[in-house]
Amino acid sequence: EINEKTKKSNTNDVAEGDVVNLHNNGSALDLWAKQSKPSKGTVEIHAHGGSSSVGGMTTVNEISDLLYEKSPTWRSMIDSGGKMKITLKLFSCETGKGTNSIASKIHSIYKNVTVIAPTNYWQVHYSNHIFYKQINYGSVKSPGKWATFK
């Protein structure tokens, strides 16, 4: 059964491997996700978020199930019994905020997964303005502050 969140994942990005884009709506965030090329062993989720959710998913099981279906690297990590060391980067506002954030919960269940997530808001601005650092399909307007759980 395919839920709405799974359907929204961008097939072009997933074909590249490990970018799960839950925006897929032509926005600056969507364009940012589409040009992302994570290094080997890194999985990315691009979605709206909060300290307790990623893309509307509030449990680690929901997130893991989506990643298992979409990400070859995540699937390999799960199939290895969690022994494989990988990185999960959440491009989702506030998902690393606080000691009980969704990012910390993912890491507490999957000890070999380093989770990197913003503790506040981060934004992408789609503009050719010379004062912004250019990143292919837009620029980072507000880089946010990021936390690492490892």
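Conventions used here
- Residues numbered from 1 in each chain as written.
- Predicted model: local features only at pLDDT ≥ 70, side-chain atom pairs only at ≥ 80, totals over all residues.
- Heavy atoms only, no water.
- Axes fitted to C-alpha atoms, helices over the stretch in contact; angles between N-to-C directions.
- Helix = DSSP H or I, 4+ residues; strand = E, 2+ residues; numbered from the N terminus.
- Parallel < 35°, antiparallel > 145°, perpendicular 65-115°, else oblique.
- Left-handed = near helix turned anticlockwise from the far one by under 90°.
- Contact = heavy atoms within 4.5 Å.

## Points about the packing of helix α4 (residues 60–70) against helix α5 (residues 72–79)
Taken N-terminus to C-terminus, the directions of α4 and α5 make an angle of 115°; their axes are 6 Å apart at the nearest point. Regarding the angle of α4 to α5, the classification is roughly perpendicular. Read as a crossing pair, α4 and α5 show a hand that is left-handed. In this structure, α4 contributes S64, L67, Y68, E69 and K70 to the contact, and α5 contributes P72, W74, R75, I78 and D79.

## Section: the environment of S104
Among the secondary structure elements, S104 is positioned in helix α6 (residues 102–109). Spatially, the C-alpha atoms of S104 and F149 are 6.2 Å apart, while their sequence positions differ by 45 residues. Those residues within four positions of S104 in sequence are excluded, and the remaining contacts are T99 and F149.

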